[in-house]
Amino acid sequence: MEVIWLCVFAFLAGLLDSMVGGGGLIQIPALFLFLPGSDSTAVATVLGTNKLSSMCGTAMAAFQYSRRIDIQWKTIIPAAIAAFLFSFFGALVVARLQPAMAKPFVLVLLVAVAAYTFFHHDLGERDTHGPKSRTATLLAVSLGAAIGFYDGFFGPGTGSFLIFCFVSIFGYKFIAASASAKFVNLATNLSAVAFFAATNHILYRYALPMGVCNIAGAVAGTQCAILKGNRFVRRLFLLTVTALILRYGWEVLTQLFHH
């Protein structure tokens, strides 16, 4: 029975994640809730199972977008390579530090992202002139390294941060930013899955059926994003970032009161 519920939430996660990121908001709590016994308390196992499932949907979303959206490969490929490499470093560091230490910093970043997007009403509505090619490549590598390390170390909100950076730094429309984010996110997911698989932290009996449902959600989500356009994606992006703010705001406050 738990597999059925996990598959339902995996579909919903794929649907949301393919448009604006934030699939972890749905899938990770579901894994903690529905995995049986000790599996639900093993954080690394939950994260590994989540990564394999979400990687399936991310790969499908990337493929779907590449057929309909013009991808700036000169920017995306360097960013994806850097993200893949630095995701390993983040995963190594997380074994030595507590990722919960990052929550207040992430909360501040999310509030800044939401405020900037909300008050710049035309942000992501049309393509603007981004940085020139050499500068764009350097920025792409820097962005990929930073996002890759963050995703390996902590993770939640990675897709949303990527979309915001592609819109605000590179001048992409929201729909193009969402498409581009999928390729960088796929690189970090591949890196993380390799790490979790090597350390036996993936429950394949749950991750594989969830992955199929995540793919189905990603197909539906990409089609919806392409049909609805930039304005819809922008609004959904703001809702997702707000949900992330509420989640981490609550966790930060809880930590403060416990201390």
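On the surface, Trp73, Ile77, Ile81, Phe84, Leu85, Phe86, Phe89, Leu92, Phe149 and Leu190 cluster together into a nonpolar patch covering about 900 Å² of accessible area. For the nonpolar patch, the element with the highest residue contribution is helix α4 (residues 73-94), accounting for eight residues. Structurally, Phe149 can be placed in helix α6 (residues 133-153). Residue classification places Phe149 among the partly exposed residues on the basis of a relative accessible area of 32%.

Now for the pattern of salt bridges. Taken as a whole, this structure holds two salt bridges when the rule is applied. Its salt-bridge partner being Arg205, residue Asp39 comes within 3.3 Å of it at the nearest N-O pair. Of this pair, Asp39 sits in the loop between α2 (24-34) and α3 (43-68) while Arg205 sits in helix α9 (residues 204-228), and the two are 166 residues apart along the sequence. Its relative accessible area of 19% is what places Asp39 among the buried residues. Of the charged contacts, one joins Asp151 and Lys51 as a salt bridge, the two residues approaching to 3.1 Å between their closest N and O atoms. Taken together, the residues Asp151 in helix α6 and Lys51 in helix α3 connect sequence positions 100 residues apart. Using a relative accessible area of 12% as the deciding quantity, one classes Lys51 as buried.

By the definition in use, this model includes twelve aromatic pairs. Residues Trp5 and Phe34 carry aromatic rings whose centres are separated by 5.9 Å and whose planes lie at 5 degrees to one another, so their mutual orientation is stacked. Here Trp5, found in helix α1 (residues 2-20), pairs with Phe34, found in helix α2; they are 29 residues apart in sequence, far enough to count as distant. On the accessibility criterion, Trp5 (40% relative accessible area) is partly exposed. With relative accessibility at 21%, the residue Phe34 sits in the partly exposed group. Residues Phe166 and Tyr172 carry aromatic rings whose centres are separated by 5.5 Å and whose planes lie at 0 degrees to one another, so their mutual orientation is stacked. Each member of the pair Phe166 and Tyr172 is classed as buried. Through a chain of ring-to-ring contacts, the aromatic side chains of Trp5, Phe9 and Phe34 assemble into a single cluster. The cationic tip of Lys228 hangs over the ring face of Phe232; the distance from NZ or CZ to the ring centre is 6.0 Å.

This next bit is on helix α8 (residues 174-198). Taking 1.5 Å of rise per residue, 25 residues should cover 36 Å, and α8 covers 36 Å from first to last C-alpha, within 8% of that figure. Counting buried residues in α8 gives 20 out of 25 residues, a clear majority hidden from the surface. Asn200 sits one or two positions beyond α8 and adopts a positive phi of about 55 degrees.

Here the focus is the confidence of the model for the protein chain. Residues at a pLDDT of 70 or more form 91% of the protein chain, whose mean pLDDT is 86. Averaged pLDDT values for the elements of the protein chain fall to 78 in helix α5 (residues 103-119) and rise to 95 in α9.

It is worth spelling out unusual backbone geometry at this point. Phi is positive for Asn200, which is not a glycine, with a value near 55 degrees. Tracing the backbone shows Asn200 in the loop between α8 and α9.

Look at α3 against α9: their axes get within 7 Å of each other, and the N-to-C directions meet at 30 degrees. When the axis of α3 is compared with that of α9, the two are roughly parallel. Note on packing geometry: the crossing formed by α3 with α9 is right-handed. Its residues placed into classes, the contact of α3 with α9 shows 15 nonpolar, ten polar and one charged.

With that settled, the discussion passes to the side chain of Thr158. With respect to the secondary-structure elements, Thr158 resides in helix α7 (residues 158-168). Reaching out from Thr158, the side chain makes a polar contact with the side chain of Asp151 at a distance of 2.9 Å.

In this section: the nonpolar core. Counting 51 residues, the largest nonpolar core has Val20, Tyr65, Leu110, Ile163, Phe166 and Phe237 as its most contacted members. The residues touching Phe166, leaving out its near neighbours within four places in the chain, are Thr75, Ile76, Leu143, Gly171, Tyr172, Ala177, Ser180, Ala181 and Val184. Of all hydrophobic cores here, the second largest spans ten residues; its members include Leu6, Ala30, Leu35 and Met210.

Okay, the packing of α1 against α3 next. Between two packed helices, both the angle of their axes relative to each other and the distance between the axes serve to describe the pair. Remark: α1 packs on α3, axes separated minimally by 10 Å, with the N-to-C direction vectors making an angle of 45 degrees. In terms of their interaxial angle, α1 and α3 are classed as oblique. Crossing hand, α1 versus α3: right-handed. Two secondary-structure elements touch here, α1 through Ala10, Asp17, Ser18 and Met19 and α3 through Ser53, Thr58, Ala61 and Tyr65. When grouped by side-chain class, the residues that make up the contact of α1 with α3 number four nonpolar, three polar and one charged.

Calculation rules
- Residues numbered from 1 in each chain as written.
- Predicted model: local features only at pLDDT ≥ 70, side-chain atom pairs only at ≥ 80, totals over all residues.
- Heavy atoms only, no water.
- Patch = residues over 30% accessible without salt bridge, like charges linked within 9 Å, V, L, I, M, F, W, Y side chains within 5 Å.
- Areas by Shrake-Rupley, 256 points an atom, 1.4 Å probe, with all protein chains shown as cover.
- Salt bridge = Lys/Arg side-chain N within 4 Å of Asp/Glu carboxyl O.
- Helix = DSSP H or I, 4+ residues; strand = E, 2+ residues; numbered from the N terminus.
- Buried < 20%, exposed > 50% of the residue type's maximum accessible area, 1.4 Å probe, protein only.
- Phe/Tyr/Trp six-rings, centres within 6.5 Å; stacked < 30°, edge-to-face > 60°.
- Lys NZ or Arg CZ within 6 Å of the ring centre and 35° of its normal.
- Expected span 1.5 Å × (residues − 1).
- pLDDT = per-residue confidence, 0-100.
- Axes fitted to C-alpha atoms, helices over the stretch in contact; angles between N-to-C directions.
- Parallel < 35°, antiparallel > 145°, perpendicular 65-115°, else oblique.
- Left-handed = near helix turned anticlockwise from the far one by under 90°.
- Nonpolar A, V, L, I, M, F, W, Y, C, P; charged D, E, K, R; others polar.
- Polar contact = N/O pair within 3.5 Å; in protein donor to acceptor, adjacent residues only side chain to side chain.
- Core = buried A, V, L, I, M, F, W, Y, C linked by side-chain atoms within 4.5 Å.
- Contact = heavy atoms within 4.5 Å.

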